[in-house]
Every structure is written in C-alpha cells, then in structure tokens.
Amino acid sequence: MNALKLSKEQQDEAIRTIQSYFEEERGEELGDLAAWGVLDLFMTQLAPFIYNQALGDARTTVNQRMASMEEDLFALERKLPKNSR
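Throughout what follows, the structure given in this document is the object of discussion. Bear in mind that the values here come from a model prediction, so they are computed numbers and not experimental data.

### Side note on the overall build of the protein
Okay, so step 1: Assigned secondary structure in the protein consists of 2 helices and 0 strands.
Okay, so step 2: The C-alpha atoms of the protein give a radius of gyration of 25 Å, which is well past the 12 Å a tight globule of 85 residues would have.
Okay, so step 3: Burial status across the protein gives 12% buried among its 85 residues.
Okay, so step 4: Here the protein displays about 7,800 Å² of accessible surface, and carbon together with sulfur accounts for 55% of that area.

Next up, the structure:
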C-alpha cells in the first residue's frame, strides 16, 4: 500500500500549523526540522487510522445510498396482471 503523501504546499501549511499550535498551546517555539518530525509522526503513525475511518464512513454512506436506490428500483416495478403466465 502506498504511503499517504501531501503536496509541498500541504506540507508547508501543516508545518506552519504545527508550529503555531506548539507556540499558542504550549508556549514552545518549534523549528522547521522539529515540526517536520511531528508531521512525519502524524503521517506514518496516525494518518492510517484516520484514513481507514474515512474509508469506513464512505463505505457506510455508499451502502446506505445503494439500499435507497434498490428500494427506488423496486418501487418502479410494475404489477403483473393476475392471469399472465
């Protein structure tokens, strides 16, 4: 399975977000390398859990929609005449 990847712009934004979080919530200044380490931890250790949950949520939504479509299709069926063979 392929590792989850972010574009350069997404990586830069994630690093800025991590640095901002550490500064605002913990009063710690994080350099780019340290923030990259936190991002790498998230991407390798935590992202798969989030990804799998998103897939599960999508699967549930698709199954619900398919069940609804099946009900709609049954509703379109025409009644057969009683004396037809």
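### Quick look at the environment of Ala-67
Okay, so step 1: Along the chain, Ala-67 falls in helix α2 (residues 32-76).
Okay, so step 2: A sequence separation of 59 residues divides Ala-67 from Lys-8, and the C-alpha atoms of the two residues are 40 Å apart.

### Some points on the packing of aromatic side chains
Okay, so step 1: As enumerated under the stated definition, the model contains 1 aromatic pair in all.
Okay, so step 2: Ring geometry for Tyr-21 and Phe-22: centres 5.8 Å apart, planes at 85°, overall edge-to-face.
Okay, so step 3: Look at Phe-22 and you get buried, because its relative accessible area is 15%.

### Digging into the environment of Tyr-21
Okay, so step 1: With respect to the helices and strands, Tyr-21 occurs in helix α1 (residues 8-26).
Okay, so step 2: We classify Tyr-21 as partly exposed; its relative accessible area is 46%.
Okay, so step 3: With 61 residues separating them along the chain, Tyr-21 and Lys-82 place their C-alpha atoms 71 Å apart.

### Quick look at α2
Think of an α-helix as turning once every 3.6 residues; residues three or four places apart then point the same way.
Okay, so step 1: In α2, a bend of some 50° at Leu-46 exceeds every other bend along the element, and Pro-48, a proline, comes one to four places later.
Okay, so step 2: Of the positions making up α2, those classed as buried are Ala-35, Val-38, Leu-39 and Ala-47.
Okay, so step 3: Each element contacted by the buried residues of α2 is listed here: α1.

Rules and cut-offs
Residues numbered from 1 in each chain as written. Predicted model: local features only at pLDDT ≥ 70, side-chain atom pairs only at ≥ 80, totals over all residues. Heavy atoms only, no water. Helix = DSSP H or I, 4+ residues; strand = E, 2+ residues; numbered from the N terminus. Rg over C-alpha atoms; globule rule 2.2 N^0.38 Å. Buried < 20%, exposed > 50% of the residue type's maximum accessible area, 1.4 Å probe, protein only. Areas by Shrake-Rupley, 256 points an atom, 1.4 Å probe, with all protein chains shown as cover. Phe/Tyr/Trp six-rings, centres within 6.5 Å; stacked < 30°, edge-to-face > 60°. Bend = angle between axes of the 7 residues up to and from the residue. Contact = heavy atoms within 4.5 Å.

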